[in-house]
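Observations on the three-dimensional arrangement
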There are 2 protein chains.
Amino acid sequence: MENTAAAKKGRPRSEKSRSAILNATNKLLLQTSVQELSIEAIAKKAKVGKTTIYRWWPNKTAVVMDALAHQPGMQTPLPTASSHREAIKMQLDKLIRLLDSKNGQTIAQLFSEAQASDTSLKIFKDNLLEPLMDAIAYSIEEGQKNGEFRQDIEKEIAVDMLCGPIFFRLMAHPEDLNDEFHDTYANKALRVLEA
Amino acid sequence: MENTAAAKKGRPRSEKSRSAILNATNKLLLQTSVQELSIEAIAKKAKVGKTTIYRWWPNKTAVVMDALAHQPGMQTPLPTASSHREAIKMQLDKLIRLLDSKNGQTIAQLFSEAQASDTSLKIFKDNLLEPLMDAIAYSIEEGQKNGEFRQDIEKEIAVDMLCGPIFFRLMAHPEDLNDEFHDTYANKALRVLEA
DNA sequence: ATCCCAATACGAAACGATGAGTTTTCTTTA
DNA sequence: TAAAGAAAACTCATCGTTTCGTATTGGGAT
(Lines give C-alpha, C1' and ligand atoms only; values in the text may rest on other atoms or scores of the structure.)
Protein backbone atom coordinates (compact mmCIF):
# COMPACT_ATOMS: atom_id res chain seq x y z
CA MET A 1 0.00 0.00 0.00
CA GLU A 2 1.59 3.24 -1.14
CA ASN A 3 0.78 6.84 -0.74
CA THR A 4 1.98 9.10 -3.46
CA ALA A 5 3.13 12.02 -1.37
CA ALA A 6 3.76 14.21 -4.36
CA ALA A 7 4.54 17.82 -3.53
CA LYS A 8 1.14 19.19 -4.46
CA LYS A 9 -0.74 22.27 -3.61
CA GLY A 10 -3.01 21.53 -0.66
CA ARG A 11 -2.76 20.07 2.76
CA PRO A 12 -0.37 17.17 2.95
CA ARG A 13 -1.50 13.86 4.30
CA SER A 14 -0.88 13.32 7.96
CA GLU A 15 1.63 10.65 8.87
CA LYS A 16 0.33 10.98 12.39
CA SER A 17 -3.15 9.94 11.33
CA ARG A 18 -1.82 7.08 9.26
CA SER A 19 0.27 5.76 12.09
CA ALA A 20 -2.62 6.11 14.53
CA ILE A 21 -4.82 4.08 12.21
CA LEU A 22 -2.27 1.29 11.82
CA ASN A 23 -1.55 1.14 15.53
CA ALA A 24 -5.23 1.12 16.40
CA THR A 25 -5.78 -1.71 13.92
CA ASN A 26 -3.02 -3.80 15.46
CA LYS A 27 -4.41 -3.24 18.93
CA LEU A 28 -7.91 -4.22 17.89
CA LEU A 29 -6.63 -7.33 16.09
CA LEU A 30 -5.32 -8.66 19.39
CA GLN A 31 -8.87 -9.29 20.49
CA THR A 32 -10.97 -9.20 17.34
CA SER A 33 -11.08 -11.27 14.19
CA VAL A 34 -10.66 -9.58 10.83
CA GLN A 35 -14.29 -10.31 10.03
CA GLU A 36 -15.51 -8.74 13.23
CA LEU A 37 -13.21 -5.77 12.99
CA SER A 38 -15.02 -2.72 11.67
CA ILE A 39 -13.78 0.43 10.03
CA GLU A 40 -15.93 2.29 12.53
CA ALA A 41 -14.05 0.73 15.43
CA ILE A 42 -10.66 1.53 13.89
CA ALA A 43 -11.70 5.11 13.26
CA LYS A 44 -12.92 5.50 16.80
CA LYS A 45 -9.84 4.02 18.39
CA ALA A 46 -7.49 6.02 16.18
CA LYS A 47 -9.54 9.18 16.70
CA VAL A 48 -9.80 9.79 12.99
CA GLY A 49 -12.66 10.18 10.55
CA LYS A 50 -13.79 7.24 8.47
CA THR A 51 -13.21 9.36 5.40
CA THR A 52 -9.56 9.56 6.33
CA ILE A 53 -9.31 5.77 6.33
CA TYR A 54 -11.15 5.48 3.02
CA ARG A 55 -8.97 8.16 1.55
CA TRP A 56 -5.86 6.12 2.16
CA TRP A 57 -7.07 2.53 1.75
CA PRO A 58 -9.71 0.89 -0.49
CA ASN A 59 -11.07 -1.50 2.13
CA LYS A 60 -10.54 -3.19 5.46
CA THR A 61 -8.27 -5.89 4.08
CA ALA A 62 -5.87 -3.23 2.87
CA VAL A 63 -5.78 -1.54 6.27
CA VAL A 64 -5.11 -4.82 8.03
CA MET A 65 -2.37 -5.84 5.59
CA ASP A 66 -0.64 -2.50 6.14
CA ALA A 67 -1.06 -2.80 9.88
CA LEU A 68 0.58 -6.21 9.82
CA ALA A 69 3.46 -4.98 7.74
CA HIS A 70 3.79 -2.03 10.11
CA GLN A 71 4.53 -4.28 13.08
CA PRO A 72 8.16 -4.26 14.17
CA GLY A 73 10.10 -7.21 12.84
CA MET A 74 7.76 -8.04 10.01
CA GLN A 75 10.12 -6.98 7.27
CA THR A 76 13.17 -8.90 8.45
CA PRO A 77 14.96 -10.34 5.46
CA LEU A 78 16.26 -13.90 5.51
CA PRO A 79 20.01 -14.54 5.52
CA THR A 80 21.73 -15.87 2.44
CA ALA A 81 21.38 -19.60 2.09
CA SER A 82 24.12 -22.10 1.29
CA SER A 83 21.89 -24.05 -1.09
CA HIS A 84 18.53 -23.75 -2.73
CA ARG A 85 17.23 -26.44 -0.44
CA GLU A 86 18.38 -24.38 2.52
CA ALA A 87 16.73 -21.29 1.09
CA ILE A 88 13.41 -23.06 0.77
CA LYS A 89 13.72 -24.51 4.22
CA MET A 90 14.26 -21.05 5.64
CA GLN A 91 11.22 -19.72 3.80
CA LEU A 92 9.05 -22.54 5.13
CA ASP A 93 10.36 -22.18 8.67
CA LYS A 94 9.73 -18.45 8.53
CA LEU A 95 6.20 -19.04 7.28
CA ILE A 96 5.47 -21.53 10.07
CA ARG A 97 6.82 -19.13 12.68
CA LEU A 98 4.67 -16.35 11.27
CA LEU A 99 1.53 -18.47 11.19
CA ASP A 100 2.17 -19.81 14.67
CA SER A 101 2.43 -16.28 16.03
CA LYS A 102 -0.30 -13.94 17.22
CA ASN A 103 -0.71 -12.99 13.58
CA GLY A 104 -1.53 -16.50 12.41
CA GLN A 105 -5.26 -16.26 12.82
CA THR A 106 -5.28 -12.81 11.28
CA ILE A 107 -3.56 -14.17 8.20
CA ALA A 108 -6.02 -17.05 7.98
CA GLN A 109 -8.83 -14.52 8.18
CA LEU A 110 -7.25 -12.34 5.51
CA PHE A 111 -6.92 -15.35 3.25
CA SER A 112 -10.60 -15.90 3.93
CA GLU A 113 -11.53 -12.34 3.08
CA ALA A 114 -9.68 -12.90 -0.17
CA GLN A 115 -12.21 -15.57 -1.15
CA ALA A 116 -15.04 -13.08 -0.95
CA SER A 117 -13.62 -10.10 -2.78
CA ASP A 118 -11.39 -9.66 -5.79
CA THR A 119 -10.00 -6.46 -4.35
CA SER A 120 -9.01 -8.25 -1.15
CA LEU A 121 -7.59 -11.18 -3.10
CA LYS A 122 -5.30 -8.91 -5.06
CA ILE A 123 -4.12 -7.17 -1.91
CA PHE A 124 -3.44 -10.44 -0.11
CA LYS A 125 -1.62 -11.86 -3.12
CA ASP A 126 0.47 -8.78 -3.73
CA ASN A 127 1.48 -8.39 -0.12
CA LEU A 128 1.92 -11.90 1.16
CA LEU A 129 1.21 -14.81 -1.12
CA GLU A 130 3.07 -13.90 -4.26
CA PRO A 131 6.29 -12.74 -2.65
CA LEU A 132 6.37 -16.04 -0.74
CA MET A 133 5.45 -18.23 -3.68
CA ASP A 134 7.75 -16.42 -6.07
CA ALA A 135 10.72 -16.73 -3.75
CA ILE A 136 10.18 -20.45 -3.32
CA ALA A 137 9.50 -20.98 -7.01
CA TYR A 138 12.76 -19.22 -7.84
CA SER A 139 14.72 -21.48 -5.52
CA ILE A 140 13.03 -24.56 -6.94
CA GLU A 141 13.79 -23.51 -10.47
CA GLU A 142 17.43 -22.77 -9.74
CA GLY A 143 17.78 -25.98 -7.78
CA GLN A 144 16.37 -27.93 -10.68
CA LYS A 145 18.78 -26.21 -13.03
CA ASN A 146 21.85 -27.02 -10.99
CA GLY A 147 20.81 -30.60 -10.30
CA GLU A 148 20.03 -30.11 -6.65
CA PHE A 149 16.39 -31.15 -7.17
CA ARG A 150 14.57 -33.68 -9.28
CA GLN A 151 13.22 -32.36 -12.53
CA ASP A 152 10.03 -34.31 -12.94
CA ILE A 153 7.83 -31.99 -10.94
CA GLU A 154 6.64 -28.59 -12.10
CA LYS A 155 7.62 -25.80 -9.80
CA GLU A 156 4.01 -24.60 -9.47
CA ILE A 157 2.84 -27.91 -8.05
CA ALA A 158 5.89 -28.09 -5.86
CA VAL A 159 5.13 -24.68 -4.39
CA ASP A 160 1.59 -25.83 -3.60
CA MET A 161 2.98 -28.97 -1.99
CA LEU A 162 5.39 -27.01 0.16
CA CYS A 163 3.10 -24.16 1.23
CA GLY A 164 -0.32 -25.78 1.04
CA PRO A 165 -0.02 -28.08 4.03
CA ILE A 166 1.03 -25.21 6.29
CA PHE A 167 -1.95 -23.06 5.37
CA PHE A 168 -4.23 -26.07 5.53
CA ARG A 169 -3.09 -26.85 9.04
CA LEU A 170 -3.52 -23.19 9.97
CA MET A 171 -7.08 -23.19 8.76
CA ALA A 172 -8.25 -26.70 9.50
CA HIS A 173 -6.54 -27.55 12.79
CA PRO A 174 -4.43 -24.60 13.97
CA GLU A 175 -3.80 -26.11 17.37
CA ASP A 176 -1.42 -28.52 15.60
CA LEU A 177 0.82 -25.71 14.39
CA ASN A 178 3.17 -26.47 17.23
CA ASP A 179 6.83 -27.04 18.05
CA GLU A 180 6.91 -30.52 16.63
CA PHE A 181 5.52 -29.28 13.35
CA HIS A 182 8.11 -26.48 13.37
CA ASP A 183 10.92 -28.94 13.84
CA THR A 184 9.93 -31.55 11.33
CA TYR A 185 7.76 -30.18 8.57
CA ALA A 186 10.24 -28.53 6.24
CA ASN A 187 12.51 -31.56 5.99
CA LYS A 188 9.61 -33.87 5.30
CA ALA A 189 8.07 -31.56 2.76
CA LEU A 190 11.33 -31.10 0.89
CA ARG A 191 11.35 -34.78 0.05
CA VAL A 192 9.00 -33.82 -2.75
CA LEU A 193 11.95 -32.25 -4.52
CA GLU A 194 14.53 -34.84 -3.70
CA ALA A 195 15.34 -38.02 -5.49
CA MET B 1 -27.54 -31.39 9.97
CA GLU B 2 -30.37 -33.38 11.38
CA ASN B 3 -33.93 -32.65 12.23
CA THR B 4 -35.46 -34.73 14.89
CA ALA B 5 -38.85 -35.37 13.36
CA ALA B 6 -40.07 -37.00 16.52
CA ALA B 7 -43.77 -37.80 16.61
CA LYS B 8 -44.70 -34.86 18.84
CA LYS B 9 -47.84 -32.96 19.52
CA GLY B 10 -48.17 -29.98 17.25
CA ARG B 11 -47.69 -29.16 13.64
CA PRO B 12 -45.00 -31.25 12.03
CA ARG B 13 -42.16 -29.59 10.20
CA SER B 14 -42.74 -29.11 6.54
CA GLU B 15 -40.44 -31.09 4.26
CA LYS B 16 -41.74 -28.87 1.50
CA SER B 17 -40.38 -25.78 3.22
CA ARG B 18 -37.08 -27.43 3.96
CA SER B 19 -36.68 -28.55 0.37
CA ALA B 20 -37.66 -25.12 -0.92
CA ILE B 21 -35.01 -23.53 1.26
CA LEU B 22 -32.27 -25.89 0.11
CA ASN B 23 -33.21 -25.54 -3.55
CA ALA B 24 -33.38 -21.77 -3.29
CA THR B 25 -29.96 -21.76 -1.66
CA ASN B 26 -28.44 -23.84 -4.43
CA LYS B 27 -29.96 -21.58 -7.08
CA LEU B 28 -28.67 -18.45 -5.39
CA LEU B 29 -25.19 -19.97 -4.97
CA LEU B 30 -24.92 -20.24 -8.74
CA GLN B 31 -24.58 -16.48 -8.94
CA THR B 32 -23.74 -15.35 -5.42
CA SER B 33 -20.84 -16.00 -3.10
CA VAL B 34 -21.46 -17.42 0.34
CA GLN B 35 -20.47 -14.12 1.88
CA GLU B 36 -22.89 -12.16 -0.26
CA LEU B 37 -25.70 -14.63 0.16
CA SER B 38 -28.19 -13.48 2.76
CA ILE B 39 -30.76 -15.31 4.80
CA GLU B 40 -33.24 -12.67 3.64
CA ALA B 41 -32.60 -13.58 0.00
CA ILE B 42 -32.98 -17.30 0.67
CA ALA B 43 -36.21 -16.72 2.57
CA LYS B 44 -37.59 -14.59 -0.23
CA LYS B 45 -36.67 -17.01 -2.99
CA ALA B 46 -38.00 -20.01 -1.07
CA LYS B 47 -41.13 -18.11 -0.06
CA VAL B 48 -40.62 -18.92 3.60
CA GLY B 49 -40.26 -16.87 6.73
CA LYS B 50 -36.81 -16.16 8.13
CA THR B 51 -37.98 -17.70 11.38
CA THR B 52 -38.48 -20.96 9.54
CA ILE B 53 -34.84 -20.96 8.42
CA TYR B 54 -33.58 -20.11 11.88
CA ARG B 55 -35.77 -22.77 13.36
CA TRP B 56 -34.03 -25.44 11.33
CA TRP B 57 -30.46 -24.14 11.05
CA PRO B 58 -28.20 -22.13 13.41
CA ASN B 59 -26.65 -19.94 10.70
CA LYS B 60 -26.00 -19.45 7.03
CA THR B 61 -23.06 -21.85 6.89
CA ALA B 62 -25.31 -24.64 8.08
CA VAL B 63 -27.91 -23.90 5.41
CA VAL B 64 -25.30 -23.83 2.68
CA MET B 65 -23.66 -27.06 3.86
CA ASP B 66 -27.04 -28.78 3.80
CA ALA B 67 -27.84 -27.33 0.41
CA LEU B 68 -24.58 -28.69 -0.98
CA ALA B 69 -25.22 -32.12 0.46
CA HIS B 70 -28.75 -31.96 -0.97
CA GLN B 71 -27.46 -31.70 -4.53
CA PRO B 72 -27.86 -34.88 -6.57
CA GLY B 73 -24.70 -36.91 -6.71
CA MET B 74 -23.06 -35.40 -3.68
CA GLN B 75 -23.37 -38.49 -1.53
CA THR B 76 -21.95 -40.95 -4.03
CA PRO B 77 -19.74 -43.41 -2.23
CA LEU B 78 -16.41 -44.42 -3.66
CA PRO B 79 -15.90 -47.96 -4.91
CA THR B 80 -13.80 -50.41 -2.95
CA ALA B 81 -10.13 -49.94 -3.59
CA SER B 82 -7.58 -52.64 -4.35
CA SER B 83 -4.97 -51.06 -2.09
CA HIS B 84 -4.70 -48.30 0.45
CA ARG B 85 -2.74 -46.28 -2.05
CA GLU B 86 -5.60 -46.67 -4.49
CA ALA B 87 -8.11 -45.66 -1.84
CA ILE B 88 -6.23 -42.46 -1.10
CA LYS B 89 -5.83 -41.71 -4.78
CA MET B 90 -9.58 -42.03 -5.26
CA GLN B 91 -10.26 -39.70 -2.33
CA LEU B 92 -7.86 -37.09 -3.71
CA ASP B 93 -9.25 -37.39 -7.23
CA LYS B 94 -12.76 -37.03 -5.87
CA LEU B 95 -11.75 -33.97 -3.87
CA ILE B 96 -10.15 -32.35 -6.91
CA ARG B 97 -13.23 -33.04 -9.01
CA LEU B 98 -15.44 -31.54 -6.32
CA LEU B 99 -13.30 -28.44 -5.96
CA ASP B 100 -13.01 -27.99 -9.72
CA SER B 101 -16.80 -28.07 -10.02
CA LYS B 102 -19.33 -25.28 -9.69
CA ASN B 103 -19.18 -25.95 -5.95
CA GLY B 104 -15.47 -25.29 -5.62
CA GLN B 105 -15.74 -21.62 -4.89
CA THR B 106 -18.60 -22.25 -2.50
CA ILE B 107 -16.44 -24.66 -0.55
CA ALA B 108 -13.57 -22.18 -0.46
CA GLN B 109 -15.98 -19.60 0.87
CA LEU B 110 -17.34 -21.99 3.48
CA PHE B 111 -13.82 -22.75 4.62
CA SER B 112 -13.40 -18.99 4.89
CA GLU B 113 -16.54 -18.56 6.94
CA ALA B 114 -15.12 -21.22 9.22
CA GLN B 115 -12.21 -18.91 10.10
CA ALA B 116 -14.58 -16.31 11.42
CA SER B 117 -16.95 -18.33 13.55
CA ASP B 118 -16.53 -21.34 15.80
CA THR B 119 -20.05 -22.47 14.98
CA SER B 120 -19.29 -22.41 11.26
CA LEU B 121 -15.94 -24.13 11.80
CA LYS B 122 -17.59 -27.00 13.58
CA ILE B 123 -20.20 -27.36 10.86
CA PHE B 124 -17.60 -27.33 8.10
CA LYS B 125 -15.42 -29.79 9.93
CA ASP B 126 -18.24 -32.17 10.77
CA ASN B 127 -19.67 -32.16 7.28
CA LEU B 128 -16.70 -32.00 4.99
CA LEU B 129 -13.24 -31.79 6.48
CA GLU B 130 -13.27 -34.49 9.07
CA PRO B 131 -14.94 -37.20 7.00
CA LEU B 132 -12.33 -36.56 4.30
CA MET B 133 -9.36 -36.36 6.65
CA ASP B 134 -10.47 -39.35 8.67
CA ALA B 135 -10.93 -41.52 5.61
CA ILE B 136 -7.48 -40.66 4.33
CA ALA B 137 -5.89 -41.04 7.74
CA TYR B 138 -7.43 -44.47 8.07
CA SER B 139 -5.98 -45.58 4.74
CA ILE B 140 -2.58 -44.19 5.66
CA GLU B 141 -2.60 -45.96 8.97
CA GLU B 142 -3.62 -49.29 7.47
CA GLY B 143 -1.12 -48.87 4.66
CA GLN B 144 1.63 -48.24 7.17
CA LYS B 145 0.59 -51.31 9.12
CA ASN B 146 0.69 -53.63 6.15
CA GLY B 147 3.96 -52.24 4.81
CA GLU B 148 2.46 -50.49 1.82
CA PHE B 149 3.70 -47.10 3.03
CA ARG B 150 6.77 -45.79 4.78
CA GLN B 151 6.46 -45.50 8.54
CA ASP B 152 8.55 -42.45 9.29
CA ILE B 153 5.81 -39.91 8.73
CA GLU B 154 2.92 -39.28 11.08
CA LYS B 155 -0.43 -39.72 9.47
CA GLU B 156 -1.58 -36.24 10.54
CA ILE B 157 1.22 -34.54 8.64
CA ALA B 158 0.69 -36.85 5.72
CA VAL B 159 -3.00 -35.89 5.55
CA ASP B 160 -2.02 -32.23 5.50
CA MET B 161 0.50 -32.92 2.75
CA LEU B 162 -2.06 -34.74 0.65
CA CYS B 163 -5.05 -32.42 1.12
CA GLY B 164 -3.37 -29.09 1.82
CA PRO B 165 -2.02 -28.40 -1.66
CA ILE B 166 -5.43 -28.94 -3.21
CA PHE B 167 -7.16 -26.48 -0.91
CA PHE B 168 -4.26 -24.07 -1.26
CA ARG B 169 -4.55 -24.11 -5.01
CA LEU B 170 -8.32 -23.67 -4.72
CA MET B 171 -7.88 -20.59 -2.60
CA ALA B 172 -4.69 -19.06 -3.93
CA HIS B 173 -4.86 -19.73 -7.66
CA PRO B 174 -8.10 -21.60 -8.52
CA GLU B 175 -7.61 -21.16 -12.24
CA ASP B 176 -4.86 -23.78 -11.98
CA LEU B 177 -7.26 -26.45 -10.72
CA ASN B 178 -7.39 -27.84 -14.20
CA ASP B 179 -7.17 -31.09 -16.18
CA GLU B 180 -3.44 -31.37 -15.86
CA PHE B 181 -3.66 -31.03 -12.11
CA HIS B 182 -6.40 -33.64 -12.08
CA ASP B 183 -4.27 -36.07 -14.00
CA THR B 184 -1.02 -35.68 -12.16
CA TYR B 185 -1.48 -34.46 -8.62
CA ALA B 186 -2.47 -37.58 -6.73
CA ASN B 187 0.45 -39.66 -8.01
CA LYS B 188 2.94 -36.94 -7.19
CA ALA B 189 1.48 -36.33 -3.77
CA LEU B 190 1.49 -39.99 -2.87
CA ARG B 191 5.25 -40.04 -3.14
CA VAL B 192 5.19 -38.63 0.36
CA LEU B 193 4.11 -42.03 1.59
CA GLU B 194 6.31 -44.15 -0.62
CA ALA B 195 9.85 -45.22 -0.11
C1' DA C 1 8.27 39.14 3.38
C1' DT C 2 3.42 39.06 3.65
C1' DC C 3 -1.08 38.16 2.26
C1' DC C 4 -4.62 35.88 -0.18
C1' DC C 5 -6.65 32.27 -2.75
C1' DA C 6 -7.22 27.64 -4.27
C1' DA C 7 -6.61 22.96 -3.35
C1' DT C 8 -6.32 19.15 -0.44
C1' DA C 9 -6.78 16.80 4.01
C1' DC C 10 -8.68 16.53 8.49
C1' DG C 11 -12.43 14.95 12.02
C1' DA C 12 -17.20 14.73 13.00
C1' DA C 13 -21.70 14.00 11.86
C1' DA C 14 -25.29 12.59 9.05
C1' DC C 15 -27.10 9.83 5.38
C1' DG C 16 -29.38 5.82 2.89
C1' DA C 17 -28.99 1.06 2.34
C1' DT C 18 -28.57 -3.53 3.91
C1' DG C 19 -28.91 -7.48 6.70
C1' DA C 20 -28.39 -9.95 11.15
C1' DG C 21 -31.14 -12.17 14.52
C1' DT C 22 -35.25 -11.58 17.29
C1' DT C 23 -40.05 -10.63 18.36
C1' DT C 24 -44.85 -10.28 17.23
C1' DT C 25 -49.06 -11.58 14.96
C1' DC C 26 -52.30 -14.32 12.71
C1' DT C 27 -53.07 -18.71 10.32
C1' DT C 28 -52.32 -23.61 9.66
C1' DT C 29 -51.71 -28.33 10.94
C1' DA C 30 -51.56 -32.14 13.55
C1' DT D 1 -53.46 -27.43 22.76
C1' DA D 2 -49.01 -27.19 20.85
C1' DA D 3 -45.90 -26.46 17.34
C1' DA D 4 -44.88 -24.69 12.79
C1' DG D 5 -45.84 -21.72 9.05
C1' DA D 6 -45.37 -16.91 6.57
C1' DA D 7 -45.20 -12.08 6.94
C1' DA D 8 -44.09 -8.03 9.07
C1' DA D 9 -41.90 -5.31 12.29
C1' DC D 10 -38.21 -4.49 15.38
C1' DT D 11 -33.48 -3.09 17.22
C1' DC D 12 -28.95 -2.84 16.23
C1' DA D 13 -24.76 -2.43 13.69
C1' DT D 14 -21.98 -1.33 9.85
C1' DC D 15 -21.05 -0.22 5.23
C1' DG D 16 -19.48 3.40 2.06
C1' DT D 17 -20.75 8.00 0.88
C1' DT D 18 -21.89 12.81 1.52
C1' DT D 19 -21.76 17.11 3.92
C1' DC D 20 -19.70 20.59 6.70
C1' DG D 21 -16.51 23.47 9.04
C1' DT D 22 -11.65 23.75 10.09
C1' DA D 23 -6.74 23.14 9.09
C1' DT D 24 -2.68 23.15 6.21
C1' DT D 25 -0.13 23.58 2.35
C1' DG D 26 1.83 25.77 -2.38
C1' DG D 27 1.82 29.35 -5.50
C1' DG D 28 0.91 33.86 -7.15
C1' DA D 29 0.31 38.74 -6.30
C1' DT D 30 1.70 42.66 -3.84
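None of these values were measured; they are calculated from a predicted model. (Residues numbered from 1 in each chain as written. Chains lettered and ligands numbered in written order. Predicted model: local features only at pLDDT ≥ 70, side-chain atom pairs only at ≥ 80, totals over all residues.)

Scanning chain A from N- to C-terminus turns up 9 helices and 0 strands. Reading chain A from its N terminus to its C terminus gives the helix and strand order α-α-α-α-α-α-α-α-α. Seen through its C-alpha atoms, chain A measures out along the principal axes to roughly 60 × 40 × 30 Å. Out of the 195 residues in chain A, the part that is buried amounts to 36%. Summarising the internal contacts of chain A: among those between residues at least 6 apart in sequence, 68% fall at separations of at least 24. (Helix = DSSP H or I, 4+ residues; strand = E, 2+ residues; numbered from the N terminus. Buried ≥ 20, exposed ≤ 12 C-beta atoms within 10 Å, placed from the backbone. Contact = placed C-beta atoms within 7 Å.)

Let us look at helix α4 (residues 60–70) of chain A. Lys60(A), Thr61(A), Val63(A), Val64(A), Met65(A), Ala67(A) and Leu68(A) are the residues of α4(A) that are buried. Looking at the buried residues of α4(A), the elements they touch are α1 (15–29), α2 (39–46), α3 (50–56), α6 (104–113) and α7 (118–145) of chain A.

We now examine the protein's contact with DNA strand D. Within the structure, DNA strand D sits among 28 residues, and Arg11(A), Gly10(B), Arg11(B), Gly49(B) and Thr52(B) are positioned closest to it. Broken down by secondary-structure element, the contributors of at least two residues to the surface near DNA strand D are α2 and α3 of chain A together with α3 (50–56) of chain B. Looking at the surface near DNA strand D, the element that brings in the most residues is α3(B), giving 4 residues. Of the residues belonging to the surface near DNA strand D, the class tally is 6 nonpolar, 10 polar and 12 charged. (Near = placed C-beta within 6 Å. Nonpolar A, V, L, I, M, F, W, Y, C, P; charged D, E, K, R; others polar.)

Neighbouring DNA strand C are 25 residues, the closest being Gly10(A), Arg11(A), Gly49(A), Thr52(A) and Arg11(B). Of all elements in the fold, only α3 of chain A together with α2 (39–46) and α3 of chain B reach the threshold of two or more residues within the surface near DNA strand C. Looking at the surface near DNA strand C element by element, the count peaks at 4 residues for α3(A). Taken together, the residues that form the surface near DNA strand C break down as 4 nonpolar, 10 polar and 11 charged.

What follows covers the interface of chain B and chain A. Across the boundary between the two partners, chain B contributes 28 residues, which contact 28 residues of chain A. Within the residue set of the side of chain B that touches chain A, elements represented by two or more residues are α6 (104–114), α8 (155–172) and α9 (179–189) of chain B. A per-element tally of the side of chain B that touches chain A places α8(B) first, with 12 residues. Taken together, the residues that form the side of chain B that touches chain A break down as 16 nonpolar, 6 polar and 6 charged.

For the rest of this paragraph, the subject is the environment of Leu132(B). Mapping Leu132(B) onto the fold places it in helix α7 (residues 118–145). Non-local contacts of Leu132(B), meaning those with residues more than four positions away in its chain, are made with Gln91(B), Leu95(B) and Cys163(B).

Let us look at the domain arrangement of chain A. All names here are of chain A. The assigned domain composition of chain A is domain 1 (15–70) and domain 2 (84–193). In this structure, domain 1 and domain 2 have C-alpha centres spaced 27 Å apart. On the side of domain 2, 11 residues touch domain 1, which itself brings 13 residues to the contact. With 6 residues, α4 is the single largest residue contributor to the side of domain 1 that touches domain 2. When its residues are assigned to classes, the side of domain 1 that touches domain 2 shows 9 nonpolar, 4 polar and no charged. (Domains from an automatic or database assignment.)

Now for the relation of the copies chain B and chain A. Rotating chain B by 180° and translating it 0.0 Å along the rotation axis places it on chain A, where the RMSD comes to 0.1 Å. These values place the two chain copies in the arrangement generated by a two-fold rotation axis. Interface overlap between copies is the fraction of interface residues in one copy that are interface residues in the other; for chain B against chain A it reaches 100%, indicating a shared surface. (Least-squares fit on C-alpha atoms with pLDDT ≥ 70 in both.)

What follows deals with the nonpolar core. Leu162(A), Cys163(A), Leu162(B) and Cys163(B) are the most contacted members of the largest nonpolar core, which totals 106 residues. Once residues within four sequence positions are removed from consideration, Leu162(B) is found in contact with Ile88(B), Leu92(B), Ile136(B), Ala189(B) and Val192(B). (Core = buried A, V, L, I, M, F, W, Y, C linked by C-beta atoms within 7 Å.)

Residue and element names in this part refer to chain B. For the pair α6 and α7, the least separation of the axes is 7 Å and the interaxial angle reads 135°. When the axes of α6 and α7 are compared, the pair comes out oblique. Together, Leu110, Phe111, Glu113 and Ala114 of α6 and Ser120, Leu121 and Phe124 of α7 make up the contact between the two elements. Along the lines of polarity and charge, the residues of the contact of α6 with α7 split into 5 nonpolar, 1 polar and 1 charged. (Axes fitted to C-alpha atoms, helices over the stretch in contact; angles between N-to-C directions. Parallel < 35°, antiparallel > 145°, perpendicular 65-115°, else oblique.)

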